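What follows is the residue order along each chain.
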Amino acid sequence: MGRKFANILETVGNTPVVKINRLAPAGINLFVKVEAFNPLGSVKDRLALGVIEDAERSGRLKPGQTVVEATSGNTGIGLAMVCAQKGYPLVVTMAETFSVERRRLMRFLGAKVVLTPAAQRGMGMVVKAIELAKTHGWFLTRQFENEANPDFHSQTTAREILDDFAGERLDYWVTGYGTGGTLKGVARVLAKERPDTKIIVCEPQDAQLLGSGIVQQRNPDGSPVTSHPAFKSHPMQGWTPDFIPKLTADAVDMGLISALLPISNEDAMRCSRELARKEGIFVGITSGATFAGGLRICREAPKGSTVLCMLPDTGERYLSTPLFADVTAEMTEEEQEISRSTPSARLGA
Ligand SMILES: Cc1ncc(COP(=O)(O)O)c(C=O)c1O
């Protein structure tokens, strides 16, 4: 049955929870929540809509005012959609290291993308966005500190999970963090309404900012003063910037987290590929990483447990990244052999 919407923004959220069949260990009910079903393909469509509509309600965002944000991509893509639909110009600052298709996508949606030097990492793009907002009087969405980000997750993502598991077990909820909006917004609702659900947080093995126990130095507005000493660059784009975001630290301070799991690059990539090849679920690197954490929980969990993993975005965003490194454009030896096995339409024959 089809559904009718007044505009594209009404299609944000209400993403499906899907059962894992071939990759789930026996005796465990493993589910994934596939955020790639959002209109622009990632969980960040929620943040974008939540933050812009909150700013409209409070009057901080005026009609036609330019919006500016520092983003590794998915937030920019979500904001570009929301700003396009609502008629706000958008400027995004982004470190030059992030995948090229992300920039092109944002520009296709009408945004301006200002690149910042790789050497200045996440901090560089944040400082640039703040400076641009101050200089030009633009509205800075402040995704890492803005409470409208977790609030929208409490109102949507968390409610969807409560509805989908009403009357059923939900023993573990597994996520990572980029801003911590998903984590803080969902975990605080689960803690209240499903106190038996354990909150599991994954982070890159090479950048265990939470795992290090080292506190992040902050400015009075919650933004980071410097890069975190435990940060090293990692391929899980969208996860764990080079500082602990305020919203993520809040989730720690509120005692919401039951366990932290470090995830290796290899496990993240392998799980993303396996989800595609064995379950037909096409998602990105942080989804693979979260799923790797979920599988580890499944191995330790008592039989009969139910585990839910968040899968933040679509795999289509990673064609130019290491995720596709061993996927060739030319025919493989095996494919050439299939071609040679019949006489018609053979390349170079
Ligand atoms: C690919 C990807 N995975 C995970 C996340 C984490 O989401 P959140 O910002 O809600 O912590 C993001 C966003 O930062 C993302 O872009």
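Residues numbered from 1 in each chain as written. Predicted model: local features only at pLDDT ≥ 70, side-chain atom pairs only at ≥ 80, totals over all residues.

**Quick notes on helix H2 (residues 74-86)**
The end-to-end C-alpha separation of H2 is 18 Å, in line with the 18 Å expected for 13 residues at 1.5 Å each. The element H2 is largely enclosed, with a buried count of 10 among its 13 residues. Listed as buried for H2 are Asn 74, Thr 75, Gly 76, Ile 77, Gly 78, Leu 79, Ala 80, Met 81, Val 82 and Cys 83. Lining the buried residues of H2 we find helix H1 (44-58), strand E3 (67-70), strand E4 (90-95) and helix H3 (100-108). In the segment just after H2, Gly 87 is the residue with positive phi, at about 85°. (Helix = DSSP H or I, 4+ residues; strand = E, 2+ residues; numbered from the N terminus. Expected span 1.5 Å × (residues − 1). Buried ≥ 20, exposed ≤ 12 C-beta atoms within 10 Å, placed from the backbone. Contact = placed C-beta atoms within 7 Å.)

**Some details on the pairing of strand E9 (residues 259-263)**
Note: strand E8 (residues 198-204) against E9, 5 bridges, orientation parallel. Within the sheet, the bridge partner assigned to Pro 204 lies in E9 and is Ile 263. Between E8 and its parallel partner E9, the chain crosses via helix H8 (residues 246-253), and the hand of that crossover is right-handed. (Pairing = 2+ DSSP bridges. Right-handed = clockwise from strand over helix to strand, strands pointing away.)

**Description of the sheet that holds strand E7 (residues 172-175)**
Hydrogen bonding along the main chain pairs the strands of a sheet, whether they run parallel or antiparallel. The strand order across the open sheet formed by 6 strands is E1-E2-E10-E7-E8-E9, and the pairing between neighbours is mixed. Among the strands making up the open sheet, the edge pair consists of strand E1 (17-19) and E9. Along the sheet, successive strands turn relative to each other by an average axial angle of 25°, direction set aside. As paired elements, strand E2 (residues 29-34) and strand E10 (residues 306-311) share 6 bridges and run parallel to each other. By the bridge assignment, Leu 30 is partnered in E10 with Val 307. (Axes fitted to C-alpha atoms, helices over the stretch in contact; angles between N-to-C directions.)

**As for the domain arrangement of the protein**
Accessible area lost during the coming together of the parts is what is often quoted as the interface size. In terms of domain boundaries, the protein breaks down into domain 1 (8-37 + 157-324) and domain 2 (44-140). In this structure, domain 1 and domain 2 have C-alpha centres spaced 23 Å apart. At the junction of the two partners, domain 1 supplies 20 residues and domain 2 supplies 19 residues. Residues that form the side of domain 1 that touches domain 2 fall into these classes: 8 nonpolar, 9 polar and 3 charged. (Domains from an automatic or database assignment. Nonpolar A, V, L, I, M, F, W, Y, C, P; charged D, E, K, R; others polar.)

**Some thoughts on the site of the ligand**
Lining the immediate surroundings of the ligand are 19 residues, of which Gly 178, Thr 179, Thr 182, Gly 238 and Pro 312 lie closest. Residue contributions to the shell around the ligand peak at 3 residues, all from helix H7 (residues 181-193). The class makeup of the residues in the shell around the ligand is 5 nonpolar, 12 polar and 2 charged. (Near = placed C-beta within 6 Å.)

**With respect to unusual backbone geometry**
Phi is positive for Asn 14, which is not a glycine, with a value near 50°. Residue placement: Asn 14 occurs in the segment before E1. For Thr 240, which is not a glycine, the phi torsion comes out positive at approximately 35°. Mapped onto the fold, Thr 240 is located in the loop between E8 and H8. The buried category is assigned to Thr 240, around which 28 C-beta atoms lie within 10 Å.

**Structural notes on the nonpolar core**
One finds Leu 90, Trp 173, Val 174 and Val 307 to be the most contacted residues of the largest nonpolar core, which totals 91 residues. Of the residues forming this core, the biggest block, 7 residues, is contributed by helix H10 (residues 285-300). Here this core spans two domains, and each of domain 1 (8-37 + 157-324) and domain 2 (44-140) adds at least three residues to it. Apart from the residues lying within four places of it in its own chain, the contact partners of Trp 173 are Val 186, Leu 190, Thr 197, Ile 199, Ile 200 and Leu 308. (Core = buried A, V, L, I, M, F, W, Y, C linked by C-beta atoms within 7 Å.)

**Focus: the sheet that holds E4**
The strand order across the open sheet built from 4 strands is E5-E4-E3-E6, with neighbouring strands paired in parallel fashion. Looking at the sheet topology across the chains shown, the edges are occupied by strand E5 (112-116) and strand E6 (139-140). Those strands touched by helix H4 (residues 121-136) are E3, E4, E5 and E6, and its axis lies near 155° from that of E4.

**Points about the packing of helix H9 (residues 265-279) against H10**
Where H9 contacts H10, the two axes come as close as 7 Å, and the packing angle between them is 100°. Judged by the inter-axis angle, H9 sits roughly perpendicular to H10. For the pair formed by H9 and H10, the contact residues are Asp 267, Ala 268, Met 269, Cys 271, Ser 272 and Leu 275 on the first element and Ile 285, Ser 287, Gly 288, Ala 289, Phe 291 and Ala 292 on the second. (Parallel < 35°, antiparallel > 145°, perpendicular 65-115°, else oblique.)

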